[in-house]
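Understanding the architecture of this molecule
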Amino acid sequence: MKRASLCLISLAASLLICCASSPGQTDLRLTANSATDTAMRYVSAGEKAVIIGTMDGSFPPLGWHIMGEMGGVWTPPLKMLDGLWLRIDGRWVLPATRYERTAAWSEFESDLQELGIHVVRRDVALDDQPAALFVFEITNNKNEQIHHALELVARFHPILTYPWTRDREEYLKSQQAFDFKTIVEYDSSFGRIFASTDKYQRFVTIETNLAPKAVTIGTQYHPPIPNSNSFCSQSAADLGMSFPLNLAPNSTTRLVVGVAGSIISRMEAAKAAEEIVPRVDDLLRAKTGEFADIANRTTLVTPDSLINKAFLWNKLNMRMETTISPGNGRGVVAGYPDYPWYFGNDGSFSVPALLAIGQSDVALDHLKLLARASNGINNSSGKIIHEL
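To keep things clear, this report deals only with the structure shown in the data block.

Thresholds, definitions, all that
- Throughout, a residue's number is its position along its own chain's written sequence, starting from 1.
- Selection of residues for local features in this predicted model requires a pLDDT of at least 70, selection of side-chain atom pairs for listing and counting requires 80 or more, and totals for whole chains, interfaces and linings are taken over all residues.
- To obtain the side-chain values, all non-hydrogen atoms of the structure were included, while hydrogens and water were left out.
- Two rings from Phe, Tyr or Trp (for Trp, the six-membered ring) form a pair when their centres are within 6.5 Å of each other. A pair whose planes differ by under 30 degrees is stacked, one over 60 is edge-to-face, and the rest are tilted.
- Helix and strand assignments come from DSSP, with helices taken as H or I runs of at least 4 residues and strands as E runs of at least 2, each series counted from the N terminus.
- Three exposure classes are used, based on accessible area relative to the maximum for each residue type with a 1.4 Å probe and protein chains only: buried under 20%, partly exposed in between, and exposed over 50%.
- In our convention, an over-ring charge means Lys NZ or Arg CZ found within 6 Å of a ring centre and within 35 degrees of that ring's normal.
- The way it works is a 1 Å grid over only the protein atoms, where trapped points that fit a 1.4 Å probe form a cavity and open points with protein on both sides within 12 Å along at least five of seven lines form a pocket, and then any residue with an atom within 4 Å of a point lines it.
- Grid points are joined across faces, edges and corners, and a volume is the space filled by probe spheres set on the points.
- Here the term charged refers only to Asp, Glu, Lys and Arg, the term nonpolar to Ala, Val, Leu, Ile, Met, Phe, Trp, Tyr, Cys and Pro, and the term polar to all other amino acids, Gly among them.
- Axes, fitted as lines to C-alpha atoms, cover a helix only where it is in contact. Angles between the N-to-C directions of the axes lie from 0 to 180 degrees.
- Here is the rule for angles: anything less than 35 degrees is roughly parallel, anything more than 145 is roughly antiparallel, 65 through 115 is roughly perpendicular, and the remaining ranges are oblique.
- With the far helix as reference, a near helix turned anticlockwise by less than a right angle produces a left-handed crossing, and one turned clockwise produces a right-handed crossing.
- Working rule for contacts: check all heavy atoms of both residues, and any pair within 4.5 Å makes them a contact.
- Here, nonpolar core refers to any group of buried Ala, Val, Leu, Ile, Met, Phe, Trp, Tyr and Cys residues whose side-chain atoms link them within 4.5 Å.
- Expected span, for any helix, means 1.5 Å times one less than how many residues it has.
- The angle between axes fitted to the seven-residue stretch ending at a residue and the seven-residue stretch beginning at it gives the bend at that residue.
- Strand pairing is defined by DSSP finding a minimum of two bridges between the two strands.

Looking at the packing of aromatic side chains
Tallied over the entire structure, the rule returns 9 aromatic pairs. A centroid spacing of 5.7 Å and a plane angle of 50° characterise the contact between Y42 and Y99, whose relative ring orientation is tilted. Within this pair, whereas Y42 is found in strand β2 (residues 41–45), its partner Y99 is found in strand β7 (residues 98–102), the two being separated by 57 residues in sequence. Judged on exposure class, the residue Y42 and its partner Y99 are both buried. For the pair W341 and F343, a centre-to-centre distance of 5.9 Å together with 25° between the ring planes defines the contact as stacked. You can call W341 buried: its relative accessible area is 1%. An aromatic cluster of at least three residues, connected via ring pairs, comprises W64, Y339, W341 and F343. R202 extends its terminal NZ or CZ atom over the ring of Y200, reaching a point 3.8 Å from the ring centre. Taking the ring centre of F194 as reference, the NZ or CZ of R266 above it sits at 3.7 Å.

Examining empty space enclosed by the protein
Here the structure, examined in full by the defined rule, presents 2 cavities of 30 Å³ or more. When its volume is computed, the largest cavity comes out at roughly 120 Å³. As for the largest cavity, its lining consists of 14 residues, of which V93, L94, S110, R121 and F136 are closest to the centre. Residue assignment for the lining of the largest cavity shows that the elements contributing at least two residues are β5 (78–88), β8 (106–112) and β9 (117–125). In this structure, the second largest cavity spans a volume of roughly 90 Å³. Lining the second largest cavity are 13 residues, with V50, W74, P76, Y336 and P340 positioned closest to its centre. Across the lining of the second largest cavity, the residue classes tally to 11 nonpolar, 2 polar and no charged.

Some details on the packing of helix α5 (residues 280–297) against helix α6 (residues 305–320)
What describes two packed helices is the angle between their axes and the distance between those same axes. At a minimum axis distance of 9 Å, the contact between α5 and α6 shows a crossing angle of 130°. The pairing of α5 with α6 is recorded here as oblique in orientation. Where α5 crosses over α6, the handedness of that crossing is right-handed. Within the contact between the two elements, α5 uses E290, F291, I294, A295, N296 and R297 and α6 uses L312, K315, L316, R319 and M320. Across the contact of α5 with α6, the residue classes break down as 6 nonpolar, 1 polar and 4 charged.

Some remarks on the nonpolar core
If you look at soluble globular proteins, the nonpolar side chains tend to sit buried side by side. One finds I88, F134 and I206 to be the most contacted residues of the largest nonpolar core, which totals 50 residues. Sorting elements by how many residues they give to this core places β5 first, with 7 residues. Setting aside residues no more than four positions away along its own chain, I206 makes contact with L81, A154, F156, R192, I193, L239, M241, V257, G258 and V259.

A few points about helix α7 (residues 344–356)
Here α7 contains 13 residues, and its C-alpha end-to-end distance of 19 Å stays within 8% of the 18 Å for a straight helix at 1.5 Å per residue. S350 marks where α7 bends most, by close to 30°; the proline P352 follows one to four residues later. A positive phi of about 85° marks G358, the residue just after α7.

Brief notes about the sheet that holds β9
Pairing in this open sheet of 9 strands is antiparallel, and the strands run β1-β7-β8-β9-β10-β17-β14-β13-β12 from one edge to the other. If you trace the sheet from one side to the other, it starts and ends with β1 (29–32) and β12 (182–187), each paired once. Averaged over neighbouring strand pairs, the angle between their axes works out to 15° when direction is ignored. One ladder, built from 5 bridges, connects strand β13 (residues 192–197) with strand β14 (residues 203–208); its direction is antiparallel. Residue pairing for β14: I193 is matched across the bridge by I206. Running over the sheet, helix α4 (residues 266–276) touches β10 (131–140), β12, β13, β14 and β17 (252–262) and is turned about 155° from β17.

Now the structure itself:
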């Protein structure tokens, strides 16, 4: 969980009495470019979605609460995808040679040197929609026109995160609860992909800015996932979307992928995906502005630049751990990948820190969430729940 981070925030908050609050601290970038760094986990989180993988651009099996299944692309409580991958002429665009975390997105850079192609991927988890965006910028570094086959591969896996399951057997992580079929369909009239299950009310939609030349549904893609220790991977389903990649010398094209989910209806997921893809640039600007505002609300200035940077990124991490889940409300979860839900004790640490760093709206919402849940579960006895 995030207790170490919270202790750092609490320590820093205690120093604010002698520190100035000043605008302008907006260097919101963290970079990893070594083999050691890129093997580490990354998180891109919004209030209604979260993306969890590793800094080399992969989506390996992660976590243990549902063994090997706590990474991927989520809109709480629904897991939409195990992962999303790109390949060109059969070559997976992995591993990334550079990772950068900005306030708005996680960014990966990869080179297919034999093809003269440079790829930048940006992952964005949204606040106002149950959705995430993946933006691929593909550049031809050659002084000649190129023609290649571009494929987008996704693995749908609509499970629910523990403990926000709807099925008692699923909550107990019984094998039979995960023994369902994921059904994937392609609607060629809209160029949209739909996924659902034969057992539960769970819906996922993928929409792209480019029309695919072909769509293939099945298991023949074998995305680059290491041997999984998950006991429920059999309920996932793969999809491949093919696009022609024809690029003039030293030119760039962009593939925008919107992924949206719902536990209410297929229409809700489709509507979210349809809305976000054409708005990608506006959404990126809005998210960048939001995090710049958070960065500037309260600043810590010490002679140690690492302390200053740690305080800055703990402020941003607190916002990235702010989650809205249907039926529960808005609050701060305990941490990714294995504790993406709410705790009474963790909230006791989080609320003073949130007040100190200018995120009083999140602090109030978290307390209201705990009060509602505690009163409902404990009959207004005053006892605070351990977790929700």
